[in-house]
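# Notes for the structure review
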Amino acid sequence: MQPTAEQQAARDVFASGRDLALIAGAGTGKTTTLMLMGEATVKRGLYVAFNKAAAVDAGRRFGRNVECRTSHSVAYDAVGREYKDRLNNSPHRPSKETAALLGLTEDLDVAPTRLTLAHQARLVMGMVKTYCHSADPEIAVRHMERVNGLDPAAHEFVAAHLLPYAVRAWADIRSHEGVLKFGHDHYVKIWGLSKPRLPGDFILLDEAQDTNPVVEEVFLAQSAQRVCVGDPAQQIYAWRNARDVMTGFPAEHLYLTESFRFGQPIADEANRWLVHAGSPMRLRGRGPADSRVGAVEHPDAVLCRGNSDSMQEVLDHLDQGTPVALTGGGGALRRLAEAAIDLKAGRHTSHHELFLFTTWGEVQDYAEKDREAQTLRSIVHLIDSFGPDTIIDAVDRLCAEEEAKVIVSTAHRAKGREWDTVRIGSGFRQPSVDEFGVGSPLRQDEARLIYVAVTRARHVLDDSSLSWLDGYEKRMSGAGPAVDRRTLIDLPLTGQLKFPGSPVSEFMAEHLPRTGPLYVQFLKFAASLPYPVQPLEVRSPDWAALGHAVDFRIRLSLGSGFGPAVSHGVTNIGSPLPLPGAPDRETRAALFKAGKFLQASVDWHFISPGRFDEEELSRLCFVAAYYEDLYRSGGIRTGSMFDQAKPTTTLTELTEAVPAYAVEDLARQLALADEPFRDLRALPEHAKICGPVFEGSADLGGADADFILDGLLLDCKATRNPRRLGRAELHQLAGYLLLDYSDHYGIDRVGLYLSRQGGMITWPVDEFLHSLGATMPLDRLRGALRRHLRNASR
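Bear in mind the structure is a predicted one, so any value in this text is a computation, not a measurement.

Conventions used here
- Note that residues are indexed from 1 along each chain, following the sequence as it is written.
- At least 70 in pLDDT is required for a residue's local features to be given in this predicted model, at least 80 for side-chain atom pairs to be given and counted, and no such filter applies to totals for whole chains, interfaces and linings, which use all residues.
- Here the side-chain values reflect all heavy atoms present in the structure, with hydrogen atoms and water set aside.
- Comment: elements are numbered from the N terminus, with helices defined as DSSP H or I runs of at least four residues and strands as E runs of at least two.
- We take the radius of gyration over the C-alpha atoms and set the globule estimate at 2.2 Å times the residue count to the 0.38 power.
- Working rule for contacts: check all heavy atoms of both residues, and any pair within 4.5 Å makes them a contact.
- Values of accessible area rely on a 1.4 Å probe in the Shrake-Rupley scheme; residue burial ignores everything except the protein chains shown.
- Two strands qualify as a pair provided that DSSP identifies no fewer than 2 bridges between them.
- In this text, buried Ala, Val, Leu, Ile, Met, Phe, Trp, Tyr and Cys residues form a nonpolar core when linked through side-chain atoms within 4.5 Å.
- Any residue under 20% of the maximum accessible area for its type is buried, any over 50% is exposed, and the rest in between are partly exposed; the area is computed with a 1.4 Å probe on protein chains only.
- Consider the strands pointing away from the viewer: the crossover is right-handed when the path from the first strand over the helix to the second runs clockwise.

## Brief notes about the overall build of the protein
Looking only at helices and strands, the protein features 33 helices and 21 strands. A compact globule built from 794 residues should have a C-alpha radius of gyration of about 28 Å, and the protein, at 28 Å, falls within 12% of that. If one aligns the C-alpha atoms of the protein with their principal axes, the spans along those axes are about 80 × 65 × 60 Å. Taking contacts inside the protein between residues at least 6 apart in sequence as the whole, the part at least 24 apart equals 72%. Put simply, the protein shows about 35,400 Å² of open surface, and 50% of that area lies on carbon and sulfur atoms.

Structure below.
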């Protein structure tokens, strides 16, 4: 086959021995391109497939020099064989027997319910399972799954109680003499922890947009040539902890955009969703000439958003006498219906999502009131809409796919498949519109899912259920009230960078358009850093507060106070102005007084060094984080420590309420900062500026950086995964730099400090701007930004 220009370009980069991220759109000949790569060298390579079927298919296509495997088979050869006897002779055990093996001896009272030994054992083994699907080196409280029926405090208590048993379970599983059930995910995790070297001179990782985190860490650690292939716009399993390796992969990025699955009409429809998915890729249809978008009376497949609209489609076809199949079968739906029948009859159920409830009414009430019960709400809607008996009857009447006239599938299960004719089900809803006609933005994960659905058709795509997109795009284009330029210019720098149509983002796209080379450099630096420090014994740490608190703690070590944002927060809580989520006037007065004492405590710390020990300083910083959040968010968020305040609240009570995990976490981050900041702490006072505000900050909704230290503009990031940082963070640094219109601070370097890894990377300003694609010197860029922002404001 004659390769396309894009395929040839990918082959050439591969043949040169360079790492590569190949973004392959739907139907663009990804496997063919991989074969071309394999044929371009005599070196031996390893192709790692998403599943066994893909590995077998690839094995038939690749030459002898490429071994085609799944990650499980590679891990089995390296580690799993040692556990062969346990794999073959490891029976499923009743949960009560597992509880006894773990040392669990009594039920656990968690008001208003009780967790039996069996349920505790299931949760413990679930913690191990979640841990095995993560890149974490240790089991932590956060690995316990969400339990419907428990409030956050109860979750925290149960997870902390069960953590030692999960640690014990993992020790048993790792032992060759262990007695607990041993599975395939266990040896994959053990393999990942061993930091293995994969066999081959090059590694090809397929479906890299939805990669197991264990495999991601192994792949990124290889010294062999690495090629990851996939489509970030088809990442639809992030909710199952799958990771997108491609977007943050430190290598050259190339695209395959010519789709041989469908023609241009379907490609045009797919491109609309790619825009909303945030993908720069645009497809060109090179498939069937009769490809079209339009009505289809008898589709080969109907693709739905979830189980509820899938069931409606199944029932409609059964009513018409049409043989219908449901991808994946109906076993999961049957089990839900049976659980609902038990609860409606007042009987307990062992279903993993409903076991804490005693009646169906309790399930309905909890699903309605708990803001995190989205999955449970969909279950309730399904059961209440159709009734459990109707669901069971429908499942019993399903037929096999090869016997069906139509296949009904969720979009998730349709991934990797294609049909001649496809109709999109009605479950994909448009974003809501408020009473003023202002619409919510379409979520990128939802756009990615619809993109997957519409690209399953070869000849005819019936997307009439998605006709709402026309109106949505009209509103978002500015023809309606959804986008207000006045609102966008009033956003702060970081807020504007979230919107491509904001004045700052438009300026960056025109004047600093090229983040790729700088980003690759940053990613290579991030890959060299150790695993991040983080709380392990807390299910849901307050990551935002910890991020602000470590910034404050570093400021104190540099001899600076908290900065103006905390002062504004204290002032705002004490003012008569309305604040969303704020308590009564007396409580606000108490929080204002506590805030004033907080600020005074910092003064005392500098006047009398040693007055506060390290733990006390960390507690003060954590409290300060909530005053800053009050200022930046314009109110008191749900879950803020100020939620529990009373008219008698004092600063002492607030600092005593700081959780122990926060104190420990801040201490570990500060210890990591000791070496990177040692010389910076020794600078004279005038050379250390914390929380600088810029001349241009008033031209938008605000911009204050973390540090300027002897000309180094430094932003502190407390992220656990620096590979998730990207274009916005680099443009944030550039924005601060350019907003210093008159060069007041004399910035000559910019950089990022990763507080959970203790790593600092810096660039000279000229190199930084050149790498971003600047076409004019710094002073002219600053003048251009000033004019652009002031024109946008007018």
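After presenting the structure, the write-up continues.
## Overview of the sheet that holds strand β16 (residues 457–462)
The strand order across the open sheet built from six strands is β11-β16-β15-β12-β14-β13, with neighbouring strands paired in parallel fashion. Two strands close off the open sheet at either side, each with one partner strand: β11 (292–293) and β13 (324–326). By the bridge criterion, four bridges tie strand β15 (residues 419–424) to β16 in an arrangement that is parallel. In the strand pairing of β16, Trp419 is matched with Ala457.

## Examining the nonpolar core
In terms of nonpolar packing, the biggest core is built from 98 residues, with Val158, Leu162, Trp273 and Tyr451 touching the most fellow members. Considering every element that reaches this core, the biggest residue donor is helix α8 (residues 152–174), with 10 residues. Once residues within four sequence positions are removed from consideration, Tyr451 is found in contact with Gly25, Ala26, Asp231, Ala233, Gln234, Ala270, Trp273, Leu274, Met281 and Leu283. Ala594, Phe622, Ala625 and Leu712 belong to the second-largest nonpolar core, a separate cluster that totals 52 residues.

## Examining the pairing of β15
Burial analysis of β15 places five of its six residues in the buried class, which makes it a mostly covered element. In this sheet, β15 lies alongside strand β12 (residues 301–304) in parallel orientation, the contact comprising three bridges. Note that in β15 the partner of Leu303 across the bridge is Ile424.

## Points about the pairing of strand β3 (residues 66–70)
Most of β3 is tucked away: four of the five residues are buried. Across five bridges, the pairing between strand β2 (residues 45–49) and β3 is parallel. Looking at the pairing, Gly45 lines up with Val66 of β3. After leaving β2, the chain enters helix α3 (residues 52–61) and then returns to the sheet as β3, a path that is right-handed.

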